[in-house]
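# A closer look at the structure
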Amino acid sequence: MKAVFLSATLATVAAFAPAPATETTFALRSTEPAEEVEIAVADVAPIAPSVAAINGWVPDEFAPCYGLPGALAPTGFFDPLGFAQTGISLNDVKRNREAEVMHGRVAMIASVGYLAGEAVSGPFNINGPANDQLQQMPLPAFILLTVAIATAELKRAQIGWVEPDIGKWTK
């Protein structure tokens with residue numbers, strides 16, 4: 001029994017031991033840490049951006065994903081599925097970013113709805129675990145829900161990325 005306890009303790013302690021410093025490579029794509037190069041300010045003339053700045057971000061066609069903010073320290077620019085490969089247009093990058101933000105917001109609302117659905121009895125006397133509630137929905141209500149979601153998604157897909165009109169917001 002003591003040997004089992006000792007081996008279990010050693011296994012958990014070994015998990016927190018520092019790993020050997022070996023360089024490993026992964027199939028996932030990530031940018032390499034960029035070397036900092038000092039450039040004299042007098043040597044570089046300011047380049048006027050061809051696209052208007054959006055919330056302080058000006059697209060840089062030479063940076064990965066046009067230099068969109070969001071690269072974090074350990075991974076840098078992280079694109080494991082190659083959505084921002086070389087040659088993608090700025091509009092495609094904007095569309096992908098918009099879809100990412102939109103799906104993240106829908107996921108946050110869905111998680112709150114999932115928890116609230118179990119706590120509150122909804123219409124049509126639907127109750128029980130949230131995983132079983134969709135099967136309890138009457139067929140006409142399910143069809144109406146499906147059509148409403150499909151309509152909203154198709155409208156959003158047809159509009160795509162549209163530059164915001166700030167003038168309408170100030171009126």
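Just so we're clear, the structure is a prediction, and the values are computed from it rather than from any experiment.

A word on the overall build of the protein chain. Counting its regular elements, the protein chain contains 4 helices and 0 strands. Secondary structure elements of the protein chain occur, N-terminal to C-terminal, as α-α-α-α. Across the 171 residues in the protein chain, those meeting the buried criterion constitute 12%. Carbon and sulfur atoms make up 66% of the accessible area of the protein chain, which totals about 14700 Å².

Its location among the elements puts Gln-133 in the loop between helix 2 (90-119) and helix 3 (139-159). For Gln-133, the side chain forms a polar contact with the main-chain oxygen of Gly-117, separated by 2.8 Å. Leaving out residues up to four positions away in the same chain, Gln-133 has contacts with Gly-117, Glu-118, Ile-126, Asn-127 and Gly-128.

Let us now look at helix 2. In a regular helix each residue adds 1.5 Å, so 30 residues correspond to 44 Å; helix 2 covers 44 Å between its end C-alpha atoms and thus fits that length. Inspection of helix 2 places Leu-90, Val-93, Lys-94, Met-102 and Gly-117 among the buried residues, and these make up the whole buried set. For helix 2, the elements touching its buried residues are helix 3.

Of the residues in the protein chain, 65% have a pLDDT of 70 or more, and the chain-wide mean is 75. For the protein chain, the element scoring lowest by mean pLDDT is helix 1 (residues 2-15), at 64; helix 3 scores highest, at 90.

Positive phi, normally seen in glycine, also occurs at Tyr-66, with a value near 55°. Here the phi dihedral of Phe-124 falls at roughly 65°; this positive angle occurs in a residue that is not glycine. By the secondary structure assignment, Phe-124 is in the loop between helix 2 and helix 3. Since its relative accessible area comes to 51%, Phe-124 is described here as exposed.

All right, on to a nonpolar patch on the surface then. A cluster of nonpolar residues, Leu-134, Leu-139, Phe-142, Ile-143, Leu-145, Val-147 and Ile-149, forms a patch on the protein surface that exposes about 630 Å² of accessible area. Here Leu-139 is to be found in helix 3. Exposure remark for Leu-139: the relative accessible area of 58% places this residue in the exposed category.

Along the chain, the position of Ala-84 falls in the loop between helix 1 and helix 2. By relative accessible area, Ala-84 is classed as buried at 16%. Setting aside residues no more than four positions away along its own chain, Ala-84 makes contact with Cys-65, Phe-77 and Asp-79.

Let's shift gears to the environment of Pro-69. Within the secondary structure, Pro-69 is located in the loop between helix 1 and helix 2. Counting along the chain gives 12 residues from Pro-69 to Trp-57, while the straight-line C-alpha distance between them is 7.7 Å. Sequence-distant contacts of Pro-69, that is, excluding residues within four places in its chain, are made with Trp-57 and Arg-97.

Thresholds applied
- All chains use their own residue numbering, which begins from 1 and follows the written sequence.
- pLDDT decides what is reported in this predicted model: residues at 70 or higher carry local features, side-chain atom pairs at 80 or more are listed and counted, and totals for whole chains, interfaces and linings draw on all residues regardless.
- Hydrogens and water molecules were not included; the side-chain quantities draw on all heavy atoms of the structure.
- What counts as a helix is a DSSP run of H or I of at least four residues, what counts as a strand is a run of E of at least two, and both are numbered from the N terminus.
- A 1.4 Å probe rolled over the protein chains alone gives each residue an accessible area, and that area as a share of the maximum for its type sets the label: buried under 20%, exposed over 50%, partly exposed in between.
- Note on areas: these come from Shrake-Rupley sampling with a 1.4 Å probe, and a residue is covered only by the protein chains present in the view.
- Two N or O atoms count as a polar contact when they lie within 3.5 Å, although within protein this holds only if one can serve as hydrogen donor and the other as acceptor, and sequence-adjacent residues are included solely when both atoms are side-chain atoms.
- The contact rule is simple, with two residues in contact once any of their heavy atoms fall within 4.5 Å.
- A helix's residues, less one, multiplied by 1.5 Å, set its expected span.
- As a per-residue measure, pLDDT tells how confident the predictor is, with possible values from 0 to 100.
- Residues enter a patch when their relative accessible area is above 30% and they make no salt bridge; the linking distance is 9 Å between like charges and 5 Å between nonpolar side chains (Val, Leu, Ile, Met, Phe, Trp, Tyr).
- When a carboxyl oxygen of Asp or Glu lies within 4 Å of a side-chain nitrogen of Lys or Arg, that pair is called a salt bridge.

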